[in-house]
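Given next are the chains, with one letter for each unit.
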Amino acid sequence: MESKGASSCRLLFCLLISATILRPGLGWYTVNSAYGDTIIMPCRLDVPQNLMFGKWKYEKPDGSPVFIAFRSSTKKSVQYDDVPEYKDRLSLSENYTLSISNARISDEKRFVCMLVTEDNVFEAPTIVKVFKQPSKPEIVSKALFLETEQLKKLGDCISEDSYPDGNITWYRNGKVLHPLEGAVVIIFKKEMDPVTQLYTMTSTLEYKTTKADIQMPFTCSVTYYGPSGQKTVHSEQAVFDIYYPTEQVTIQVLPPKTAIKEGDNVTLKCLGNGNPPPEEFLFYLPGQPEGIRSSNTYTLTDVRRNATGDYKCSLIDKKSMIASTAITVHYLDLSLNPSGEVTRQIGDALPVSCTISASRNATVVWMKDNIRLRSSPSFSSLHYQDAGNYVCETALQEVEGLKKRESLTLIVEGKPQIKMTKKTDPSGLSKTIICHVEGFPKPAIQWTITGSGSVINQTEESPYINGRYYSKIIISPEENVTLTCTAENQLERTVNSLNVSANENREKVNDQAKLIVGIVVGLLLAALVAGVVYWLYMKKSKTASKHVNKDLGNMEENKKLEENNHKTEA
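Residues numbered from 1 in each chain as written. Predicted model: local features only at pLDDT ≥ 70, side-chain atom pairs only at ≥ 80, totals over all residues. Heavy atoms only, no water.

A. Spatial organisation of the packing of aromatic side chains. Summed over the entire model, instances satisfying the criterion amount to 11 aromatic pairs. With a centroid separation of 5.8 Å and 55° between ring planes, the pair formed by Tyr58 and Tyr86 is classed as tilted. Taken as a pair, Tyr58 in strand S3 (residues 53-59) and Tyr86 in the loop between strand S5 (78-80) and strand S6 (90-92) lie far apart in primary sequence, 28 residues in all. Tyr58 gets classed as buried once you look at its relative accessible area, which sits at 6%. What makes Tyr86 buried here is its relative accessible area of 2%. Aromatic side chains Tyr207 and Phe218 sit 5.2 Å apart centroid to centroid with 75° between the ring planes, which places their arrangement in the edge-to-face category. (Phe/Tyr/Trp six-rings, centres within 6.5 Å; stacked < 30°, edge-to-face > 60°. Helix = DSSP H or I, 4+ residues; strand = E, 2+ residues; numbered from the N terminus. Buried < 20%, exposed > 50% of the residue type's maximum accessible area, 1.4 Å probe, protein only.)

B. Structural view of the sheet that holds strand S10 (residues 138-140). With antiparallel pairing, 4 strands are arranged side by side in an open sheet as S10-S12-S16-S15. Looking at strand neighbours, the two that pair on one side only are S10 and strand S15 (184-192), the edges of this open sheet. The sheet shows a mean angle of 25° between the axes of neighbouring strands, taken without regard to direction. (Pairing = 2+ DSSP bridges. Axes fitted to C-alpha atoms, helices over the stretch in contact; angles between N-to-C directions.)

C. Fine view of the state of the cysteines. The full count for this structure, using the stated rule, is 5 disulfides. Put simply, Cys43 and Cys113 are joined by a disulfide, and their sulfur atoms are 1.9 Å apart. One quick way to see it: the torsion about the S-S bond of Cys43 and Cys113 is about -85°, and its sign makes the bridge left-handed. Taken together, the positions of Cys43 in the loop between strand S2 (39-41) and S3 and Cys113 in strand S8 (residues 110-116) put the pair 70 residues apart, joining distant regions of the chain. No difference in accessibility class separates Cys43 from Cys113, as the two residues are buried. For Cys435, the disulfide goes to Cys485, at an S-S distance of 1.9 Å. Of note, the bridge from Cys435 to Cys485 carries an S-S torsion of about -80° and is left-handed in sense. Of the two residues, Cys435 is situated in strand S37 (residues 431-440) and Cys485 in strand S41 (residues 481-488); the sequence distance between them amounts to 50 residues. Accessibility expressed as a relative area gives 0% for Cys435, which makes it buried. Classification of Cys485 as buried rests on a relative accessible area of 0%. The cystine pairing of the protein chain, numbering bonded cysteines in sequence order, is 1-2, 3-4, 5-6, 7-8, 9-10. (Disulfide = S-S within 2.5 Å.)

Here is the structure:
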């Protein structure tokens, strides 16, 4: 007969191998863990009083068990089974909680916690789920450019190291792109690394672009499941260069000016609105049916008035697509006749003309010695004051820098002309003789005097203005004299004389003095005669008085009379 202990061991072994007893009330329990984290699985069983030991196992796909950890209730010791994939990764606590470090995809299994007593085995299963967040999706193998109306690969959206596998979505300007025959083609594939069991998802987008896609951002996203549920990660934006054919050609004139004048350099620039823009064009010049092949610019140097006309450009492979512009080369001609230095004689006639030829109406201004004239000069009979520097200037107001000017330096020459005048000082003591001279070049004046007399100021001259000036002398002649004024320039020598009589006023003054002396002497003689007459009269009066007194015999009266006579004499 077998012993009781042997039969007990045999029973426990059988129970461990075949036990499927679950603790009442315990169902399937799932533990979610992130890849690389520590998986923590509580036993979820109440520890019985008669517990002998606890043990953890996992089940293979065929259902067979693999024991991985053992803990005795009495010895408090832990033993880990020799399972290579769990070597140094397991930890079993006193409450029989099993921890698995560095979670792997291969850890997705059904684990069972077993508590064994002498007569029973209790089990609590746990399902382990491992999740790995994929890398941020990236658009790679991007097209250098997209062409309108052509279905072309835009790029690949790749997200790596995911578990479980995720799903990739494409977006245009934030809106989901759905497959559309002939316009949007999406090809999705996933690959699992046999070592790590992680997935790499790749989505290829083929896209038929239009001009509306210019500067439009394209993105992609990956949607995956993690321990806390579904999540989505988006890629960076990608903007593609959109190629489209030229639909319109334009022509420009450089540099941009309001007006072009003769002598300018003009550059024609042809542009197409396609992308990339055309690099070569045909340029058509006025009167030339054949185009000139050039880059997008064609330069005209030192343009002349005959360059005015219509200029065109077109595509090389599509000559019907053409653009044109009109160019007007402004010009301004000025002809002054006569011009330069011109010498004429006084009194001559001199016709002057300033002829203007221009591409549009021009303004004309005449200047003389930097002073603006009201009208153009006209000389029917030249005067000295007509001499000067004349400038005819014209300009086109609308054309910057288009001005012309010609000058005429007019010299009016004349032989010296002399006119002499005489002026007597109010005192009568001197006379002023003036020699007025007219001529150009400026004549030199010389004085000569024939006769005697004192010259007070011989060479007092006025300023030379408009071909005229004068020289004067002040003289007090003692006898009749002749004054000669000589004026001489490069053309001729002219002489004029003036006779000046002696000073008659001085003789009149002497006669007047003699007359005054005579009058004074006469007055003195008259006074003397009057005194003599008066004395004789008084004497005669005294004799008569005596005869009367005697006749009257009145002595008193004679005395009075005598006193009166004495008074009279006195």
